[in-house]
Amino acid sequence: MIDDALPHDMLAPSVFLEALPQPALIINGSGRITSANQAAAALLGSALTGYPFVSALRQPELVEAINAALAGQARQEGRYIAQTASHNAIYQIDIMPLAATGAVLLSFQDVSQLEQAGQMRRDFVANVSHELRTPLTSMMGFIETLQGPARDDTEARVEFLGIMAQEAARMERLVNDLLSLSRVEAEQRRPPQGQVDMVGLVRSVMSTLEPMAADASVALVADLPPTDIMICADPDQMRQVLTNLIENAIKYGGAGGRVTVAVELTGPQAALRGEEGLRLSVRDTGAGIDPLHIPRLTERFYRVDSHRAREVGGTGLGLAIVKHIIQRHRGRLRIESELGNGSEFSVLLPIGASK
C-alpha cells in the first residue's frame, strides 16, 4: 500500500527510470517521449522529453517494433546500433506496454560483447574449417590417385606420399596450436605462480632452435646480461612465447639474416602500473611488415602473406597464443617494423610476484 504522505514527485515515472542502471525511456500513445533517464540521454542525446521517438530512434526495424507495441499493446523486442568513433555498440531493447496508459517502456541492454563473442566463434569455426579442409582435400585427392591411375607408379607414389606427409604435419601443427590456445585461454584469469630465470630460458630456447636457424641460414645472436633474472611466470608458457617469437623471426627473417634476442631490466614502468619490469625483444633483419598489418597481427589466423605463411609452416595462431600468455602475465606486447628494415617484437613483463 502506498503511503499517502509520500511526495507526489517520488511517484513520477522519471524517478523510477533513474533507478534503472541501463538506458530506459517511456513513449506515450502519441509516439512522444515522456520520460528518459540519464543513461538514455547519454546514449541518445539530452533533448529527448517531448519529442517524437522517431527523431531519436531512427532505425526502421526498431521504429516498426515500437509502433507495433503502441498499436497492439503487445510486448516487442528490437535492436539499436549506436555508432561511435571506435566501434558500434549493439543494444537489445525490450518494449513493454504499460497497462491502461497506452504508453510503452523501452529498456536497453548492451549486448555488444555477446555479439562480438558470437561473431568471434563463428569466424573461428569458419577459419578452422577452411584451414583443415585444404590439406584434407589435397590428401583425399592423392589417395584417390594412388588407388587408381598411380597404383603401380612407384615414382608418383613416393612423391605423393611425401606431399601427404607434409599436409598431415600441417594439420598436426594446427591442432596442436588450437589446443595450446585453448589451454592458454582457460588459464588466463589464473595468475602464474612459478619462478623463471629468463636469461637461462632464453639460452635454452636458442640452443633448441639453433638447428632450425642453421637450416634457414639465419644467425642467432644473444644479447643477454651476465647474471640470472628471475621473474614470477609460468615456465612452460614463457618457453612457448620465446619459441613462437624466435621461430617467426627465423622463418620470416630470410636467408643470410640475423635474429637478435635481448633481455634487459627496465626499472619501474607506467605500463606495468609502476612495477619493475623486464623487456624481452626479438629482432630480425628481414623484409619488415607494412604498418597497416601490425594492429591485426595478433588476431587468430591473420596472416600478412597467407601463401608464404603456409609454405613455412605457419598456422596463423602463434602470435594469438603469445598475446594471451602475455595478458595472463599482466605484460605488454609491442610490435615495431619498417619495410626493408626488419621487425622487432618486444615483451614487457613485471618481475615481481603476481597480484
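Residues numbered from 1 in each chain as written. Predicted model: local features only at pLDDT ≥ 70, side-chain atom pairs only at ≥ 80, totals over all residues. Heavy atoms only, no water.

## With respect to the overall build of the protein chain
Next, step 1: The secondary structure content of the protein chain amounts to 9 helices and 12 strands.
Next, step 2: A compact globule built from 355 residues should have a C-alpha radius of gyration of about 20 Å, whereas the protein chain, at 29 Å, is more than 25% larger.
Next, step 3: For the protein chain, the spread of C-alpha atoms along the three principal axes comes to 90 × 65 × 40 Å.
Next, step 4: In the protein chain, which comprises 355 residues, the proportion classed as buried is 39%.
Next, step 5: For the protein chain, the share of sequence-separated contacts (at least 6 apart) that also reach a separation of at least 24 residues comes to 59%.
Next, step 6: Of the roughly 19,800 Å² that the protein chain leaves accessible, carbon and sulfur atoms contribute 53%. (Helix = DSSP H or I, 4+ residues; strand = E, 2+ residues; numbered from the N terminus. Rg over C-alpha atoms; globule rule 2.2 N^0.38 Å. Buried < 20%, exposed > 50% of the residue type's maximum accessible area, 1.4 Å probe, protein only. Contact = heavy atoms within 4.5 Å. Areas by Shrake-Rupley, 256 points an atom, 1.4 Å probe, with all protein chains shown as cover.)

## Thoughts on the packing of aromatic side chains
Next, step 1: Within the structure shown, the criterion is met by 3 aromatic pairs.
Next, step 2: Ring plane angle 75° and centroid distance 6.1 Å describe the contact between tyrosine 91 and phenylalanine 108, whose orientation is recorded as edge-to-face. Within this pair, whereas tyrosine 91 is found in strand β4 (residues 88-98), its partner phenylalanine 108 is found in strand β5 (residues 103-110), the two being separated by 17 residues in sequence. For the pair shown, tyrosine 91 and phenylalanine 108 are each scored as buried.
Next, step 3: Members of the aromatic cluster, connected to one another through ring pairs, are Tyr80, Tyr91 and Phe108. (Phe/Tyr/Trp six-rings, centres within 6.5 Å; stacked < 30°, edge-to-face > 60°.)

## Some remarks on the pairing of strand β10 (residues 275-284)
Next, step 1: Counting buried positions over the 10 residues of β10 gives 7, a clear majority of the element.
Next, step 2: With 10 bridges connecting them, strand β9 (residues 258-269) and β10 associate as antiparallel partners. In the strand pairing of β10, glutamine 269 is matched with glutamate 275.
Next, step 3: Hairpin connection from β9 to β10: 5 residues lie between these consecutive antiparallel strands, with arginine 273 at a positive phi of about 60°.
Next, step 4: As defined by bridge partners, β10 adjoins strand β12 (residues 343-350) across 7 bridges and the pair is classed as antiparallel. Bridge assignment links leucine 280 to a residue of β12, and that residue is valine 347. (Pairing = 2+ DSSP bridges.)

## A short note on the sheet that holds β5
Next, step 1: Pairing within the open sheet is antiparallel, and its 5 strands lie in the order β2-β1-β5-β4-β3. A strand with exactly one partner marks an edge of an open sheet, and here the two such strands are β2 (33-36) and β3 (76-83). When the angles between neighbouring strand axes are averaged without regard to direction, this sheet yields 25°.
Next, step 2: Bridging between β3 and β4 involves 8 bridges; their strand directions are antiparallel. (Axes fitted to C-alpha atoms, helices over the stretch in contact; angles between N-to-C directions.)

## Some remarks on the pattern of salt bridges
Oppositely charged side chains can form a pair if their charged atoms are brought close together.
Next, step 1: Inspection of the entire model under this criterion finds 13 salt bridges.
Next, step 2: The partner of arginine 75 in a salt bridge is glutamate 77, and the shortest N-O contact between them spans 3.2 Å.
Next, step 3: The exposure class assigned to arginine 75 is partly exposed, which follows from its relative accessible area of 46%.
Next, step 4: Salt bridges sharing partners connect three or more residues here, namely Glu187, Arg190, Asp234 and Arg328. (Salt bridge = Lys/Arg side-chain N within 4 Å of Asp/Glu carboxyl O.)

## Some details on the nonpolar core
Next, step 1: Residues Met198, Met238, Ile246 and Leu280 are the most contacted members of the largest nonpolar core, which totals 48 residues.
Next, step 2: At the level of elements, α5 (154-186), α6 (198-215), α7 (235-253), β9, β10, α9 (318-328) and β12 are the ones that each hand at least two residues to this core.
Next, step 3: The dominant element in this core, judged by the number of residues it contributes, is α6, at 8 residues.
Next, step 4: Once residues lying within four places of it in the same chain are set aside, the contact partners of methionine 238 are Met198, Leu201, Ala233, Ile325, Ile326, His329 and Leu349. (Core = buried A, V, L, I, M, F, W, Y, C linked by side-chain atoms within 4.5 Å.)

Take it as geometry only, folks, not as evidence of what the structure does.
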